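# Structural overview for review
Residues per chain are reported as follows:
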Amino acid sequence: MKPHIALIALLVRDYDEAIAWYRDALGFALLEDLDQGGGRRWVRMAPGGDRQFSLLLARADNPRQQAAVGDQHGGRVGFFLHTDDFQRDFAVMTAKGVRFQETPREEPYGTVAVFEDLYGNRWDLLEPRQP
């Protein structure tokens with residue numbers, strides 16, 4: 001297998017609140033939740049249970065990491081959640097309390113709207129245009 005990105009670490013304040021939000025608001029599946037001792041856990045979640053790529057929820061455990069929770073990309077959109085039905089997922093996510101920062105818009109690359117996760121990290125919900 002060729003190299004590929006398998007995990008992206010996402011700093012969180014608390015494992016359980018992050019698991020609940022990503023599961024309930026975005027429909028992510030909990031792939032692993034393993035105790036590593038000392039209050040640390042190996043927590044992987046992925047949209048739709050995808051096993052090729054997942055988020056590693058990493059609890060911030062020092063002041064520098066705690067300061068980065070919610071601002072891991074300096075205020076820019078740092079995560080891109082693709083969908084095959086923008087209107088469906090926009091409606092579901094809105095009903096579940098996801099905070100969209102704008103109304104959906106059409107771009108040359110697809111239909112998109114920016115939302116924030118529970119910590120303030122910015123994400124795009126994106127339905128890419130078919131070539």
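Values in this document were obtained by computation on a predicted structure and should not be read as measured data.

So, how was this worked out
Residues numbered from 1 in each chain as written. Predicted model: local features only at pLDDT ≥ 70, side-chain atom pairs only at ≥ 80, totals over all residues. Heavy atoms only, no water. Helix = DSSP H or I, 4+ residues; strand = E, 2+ residues; numbered from the N terminus. Contact = heavy atoms within 4.5 Å. Polar contact = N/O pair within 3.5 Å; in protein donor to acceptor, adjacent residues only side chain to side chain. Domains from an automatic or database assignment. Buried area = accessible area lost by both parts, 1.4 Å probe. Salt bridge = Lys/Arg side-chain N within 4 Å of Asp/Glu carboxyl O. Core = buried A, V, L, I, M, F, W, Y, C linked by side-chain atoms within 4.5 Å. Buried < 20%, exposed > 50% of the residue type's maximum accessible area, 1.4 Å probe, protein only. Pairing = 2+ DSSP bridges. Axes fitted to C-alpha atoms, helices over the stretch in contact; angles between N-to-C directions.

## Some remarks on the environment of Glu106
In this structure, Glu106 sits in strand β7 (residues 105-107). The spatial distance from the C-alpha of Glu106 to the C-alpha of His73 is 24 Å, given a sequence separation of 33 residues. Those residues in contact with Glu106 that sit more than four places away from it in its chain are Thr111 and Arg129. A polar side-chain atom of Glu106 sits 2.8 Å from a polar atom in the side chain of Thr111. Within polar-contact distance, the side chain of Glu106 engages the side chain of Arg129 at 3.2 Å.

## Let's talk about the domain arrangement of the protein
How big an interface is tends to be expressed through the accessible area that disappears when the partners come together. Per the domain assignment, the segments of the protein are domain 1 (1-69) and domain 2 (75-130). Domain 1 and domain 2 are separated by 20 Å when their C-alpha centres are compared. Taken together, the contact pairs 17 residues of domain 1 with twelve residues of domain 2. When domain 1 packs against domain 2, close to 1100 Å² is buried across both sides, 73% of that on carbon and sulfur atoms. Of all residues in domain 1, Trp21, Ala25 and Leu26 bury the most surface against domain 2, accounting for 38% of the area lost on that side. Viewed at the interface, domain 2 and domain 1 are joined by zero salt bridges. At the boundary of domain 1 and domain 2, one finds four residue pairs in polar contact (both at pLDDT 80 or more). For the side of domain 1 that touches domain 2, the elements supplying multiple residues, two or more each, are β1 (7-12) and α1 (15-24). With five residues, the top contributor of residues to the side of domain 1 that touches domain 2 is α1.

## Observations concerning the nonpolar core
Ranked by internal contacts, the top residues of the largest apolar core, which has 29 residues, are Tyr22, Leu57 and Phe115. Secondary structure elements with two or more residues in this core: β1, α1, β3 (40-47), β4 (54-59), β5 (77-82), α3 (86-95), β8 (110-116) and β9 (122-128). Of all the elements, α1 adds the most residues to this core, at five residues. If you count residues domain by domain, this core takes at least three from each of domain 1 (1-69) and domain 2 (75-130). Setting aside its immediate chain neighbours within four residues, Tyr22 contacts Leu10, Gly27, Phe28, Met45, Leu55, Leu57, Asp117, Leu118 and Trp123.

## A word on the sheet that holds β1
In sheet architecture, strand pairing relies on hydrogen bonds along the backbone and comes in two forms, parallel and antiparallel. Overall, mixed pairing links the four strands, which are arranged β1-β4-β3-β2 in an open sheet. Here the strands that pair on one side only, and so sit at the sheet edges, are β1 and β2 (28-37). Across the sheet, the axes of successive neighbouring strands diverge by a mean angle of 25°, strand direction being ignored. For β2 and β3, the ladder comprises eight bridges, and the chain directions are antiparallel. Looking at β3, one finds that Phe28 is bridged to Pro47. Each of β1, β2, β3 and β4 touches α1; the most contacted strand, β3, lies at about 10° to it.

## As for the pairing of β4
Taken together, the six bridges between β1 and β4 define a ladder with parallel strand orientation. Within the sheet, the bridge partner assigned to Leu10 lies in β4 and is Leu57. Pairing analysis gives three bridges linking β3 to β4, with the strands arranged antiparallel. Residue pairing across strands places Val43 opposite Leu57, the latter belonging to β4.

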